[in-house]
Amino acid sequence: STKEKIALLHGAHRVGKRTDATMEKWRGYGLGQFIHWGLYAIPGGAWNGKQYNGAAEWIRSWDGIPKSTYDSLNYSFNPTAFDAKAWAKTAKQMGARYVTFTTKHHDGFCLWPSKYTKYTVKNSPYKKDIVKAVVDAYDQEGIDVILYFSVMDWNHPDWRYDIKTKEDSIAFERFKKFTRNQLIELLTNYPTVKGLWFDGTWDKSWVKQAAFADELETEMRRLRPGLIIGSRFRADENGKRHFDSNGVLMGDYEQGWERKIPSKIEDVHGNDWDCVMTVPENQWGYNAAWNGHLKTGTELIEMTARCVSLGGNFVLNFGPKGDGAIRQEEIKLAEEIGDWMKVNQEAIYNCEYAGFDKQDWGYFTRKTGTDKVYMVVFNVPLSGALRIKTPSKTAIKKAYMLADAEESFVPEEISADEYFLHLKKSTNSKPFVIVLETLKAT
Ligand code: FHN
């Protein structure tokens, strides 16, 4: 475009993707787990027998909830069934290759013994450091850990939504120091974590801190080279979030895909991205009365394939109960996804956008940087013929089932660069994968 570039002091630090090994690993994860856990898991979406319709982790903010009573929930926090190793096993079994864990959600309660506030797990009957237990357990399973951190903090006296008075501005200066201290503390206490997942950064008070946030980002990156930070952390000096005033992505990957998935490659503008998804429509923390449509295992597998086919990662949320146990419905979904992943993970891990036109039967993925293309098939047409349009000058050398290489196909060429693969039988009850070994003429 002919648009003039705006000179920015606190815009994006880079144009285009990161190319270092840590980020390349992140890009290849394919599937991740999100965990929302905190005091809100105790009421689990209900207060005094009354069910609230909004997201369970927001219950403190709903009308009629006494804030001080909510804030005292730390005195009831004693999750006797909490077992970080069991969580990590569930994640491993599902096939997750990274986890994002809520160290502090909007309610301000810290799951680590922060030195900078009394509102932590240390001042609960449980006492022990939950973040450490989670980091250690996932590290042990070889699952990378990203720490979720909400800047917005309903418990902190210096938090402001906007800065309108002198008093606000003095308070918020203290809040900024507090935020910085907590972040440096997290990175220092848990040096193996790969990144930070920011949230609660949309209010005017924080959006106005372009210079401060930019400096803090630089400080954190200096402390932990390779640290991954998404596009939700900071705004530029014009208040632009995610993308700066020149439309360039701020941070290492686009963090805007919450409960929605891009439909075409153009939607992601060549950036890294991940999609975070809930099982019900919009419940992150534990809600005892999950209602409305609950996504099935097959739907979640399809979302995973769709994300990977467009170069992103799919991250499924879990909301453990107040006692620390993962609810049965989530365990079952993890197992269902994991059973599928065991056979088909080759089409999900270390894969990228294939460069083939999307077809109605499902999704193409490509083993990153190779000629191996996967067809993840969800909808078998009545004809049993799967259409493939190859990019020009690309031949299909071999086509076979991923689960059974003996079961191969001879593609029927129906016109230039266009083929049918004729399925022999369509007895599949689960999505399946066909491997295409391709050859590009040079
Ligand atoms: O308000 C939060 C919400 O509770 C949840 O944590 C999600 C997860 O992406 N983030 C915020 C909404 O964008």
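These numbers come from a predicted model, not from an experiment.

1. Re the domain arrangement of the protein chain
Here is step 1: Each domain of the protein chain was delimited in the assignment, giving domain 1 (21–349) and domain 2 (354–440).
Here is step 2: On a C-alpha basis, the centres of domain 1 and domain 2 stand 36 Å from each other.
Here is step 3: Between domain 1 and domain 2, the residue contacts involve 14 residues of the former and 14 residues of the latter.
Here is step 4: Here domain 1 and domain 2 share two salt bridges between them.
Here is step 5: A salt bridge links Glu 346 to Lys 372; the nearest nitrogen and oxygen atoms lie 3.4 Å apart.
Here is step 6: Counting the contacts that link domain 1 with domain 2 gives seven residue pairs in polar contact (both at pLDDT 80 or more).
Here is step 7: If you tally residues by element for the side of domain 1 that touches domain 2, the top one is helix H8 (residues 297–309), at seven residues.

2. A short note on the sheet that holds strand S14 (residues 385–389)
Here is step 1: A sheet is described by the order of its strands in space; here three strands give the open sequence S14-S17-S16, paired in antiparallel fashion. Pairing within the sheet leaves two strands with one partner each, and these edge strands are S14 and strand S16 (412–415). Going from strand to strand, the sheet's axes swing by 30° on average, the running direction of each strand aside.
Here is step 2: In this sheet, strand S17 (residues 418–422) lies alongside S16 in antiparallel orientation, the contact comprising three bridges.

3. Side note on the site of the ligand
Here is step 1: Lining the immediate environment of the ligand, one finds 13 residues, of which His 36, Glu 57, His 106, Asp 199 and Glu 258 sit closest.
Here is step 2: Glu 57 is positioned such that a nitrogen or oxygen atom in its side chain is 2.5 Å from an oxygen atom of the ligand.
Here is step 3: In isolation the ligand has 320 Å² of accessible area, and contact with the protein removes 90% of it.
Here is step 4: Here the residues of the shell around the ligand are counted per class, giving six nonpolar, three polar and four charged.

4. Looking at the environment of Gly 32
Here is step 1: With respect to the element layout, Gly 32 can be found in strand S1 (residues 31–35).
Here is step 2: With 283 residues separating them in the primary sequence, Gly 32 and Val 315 have C-alpha atoms 4.3 Å apart.
Here is step 3: Residue contacts for Gly 32: discarding those within four places in its chain leaves Met 94, Ala 96, Arg 97, Tyr 98, Phe 314, Val 315 and Leu 316.

5. A word on the packing of helix H3 (residues 84–94) against helix H9 (residues 328–344)
Here is step 1: Running from N to C, H3 and H9 point in directions that differ by 40°, and their axes come no closer than 7 Å. The pairing of H3 with H9 is recorded here as oblique in orientation. Only Ile 331, Ala 334, Glu 335, Ile 337, Gly 338, Asp 339, Met 341 and Lys 342 of H9 make contact with H3, whose side of the interface consists of Thr 90, Gln 93 and Met 94.
Here is step 2: Among the residues forming the contact of H3 with H9, the class breakdown is five nonpolar, three polar and three charged.

6. Observations concerning the environment of Glu 215
Here is step 1: Mapped onto the secondary structure, Glu 215 falls in helix H7 (residues 210–223).
Here is step 2: Glu 215 sits 205 residues away from His 10 along the chain, and the two C-alpha atoms are 9.0 Å apart.

7. Side note on the sheet that holds strand S8 (residues 254–258)
Here is step 1: Sheet architecture is open: eight strands sit in the order S7-S6-S5-S4-S1-S10-S9-S8, paired in parallel fashion. The sheet terminates laterally at strand S7 (228–229) and S8, the two strands that pair on one side only.
Here is step 2: Note: strand S4 (residues 98–104) against strand S5 (residues 144–150), six bridges, orientation parallel. Considered in S5, the bridge of Tyr 98 is made with Asp 144.
Here is step 3: The sheet strands contacting H3 are S1, S4 and strand S10 (313–318), and the helix crosses S1 at an angle near 150°.
Here is step 4: Lying on the sheet, H8 is in contact with S1, strand S9 (273–277) and S10; it crosses S10 at an angle near 145°.

Rules used throughout
- Residues numbered from 1 in each chain as written.
- Predicted model: local features only at pLDDT ≥ 70, side-chain atom pairs only at ≥ 80, totals over all residues.
- Heavy atoms only, no water.
- Domains from an automatic or database assignment.
- Contact = heavy atoms within 4.5 Å.
- Salt bridge = Lys/Arg side-chain N within 4 Å of Asp/Glu carboxyl O.
- Polar contact = N/O pair within 3.5 Å; in protein donor to acceptor, adjacent residues only side chain to side chain.
- Helix = DSSP H or I, 4+ residues; strand = E, 2+ residues; numbered from the N terminus.
- Pairing = 2+ DSSP bridges.
- Axes fitted to C-alpha atoms, helices over the stretch in contact; angles between N-to-C directions.
- Near = heavy atom within 4 Å.
- Areas by Shrake-Rupley, 256 points an atom, 1.4 Å probe, with all protein chains shown as cover.
- Nonpolar A, V, L, I, M, F, W, Y, C, P; charged D, E, K, R; others polar.
- Parallel < 35°, antiparallel > 145°, perpendicular 65-115°, else oblique.

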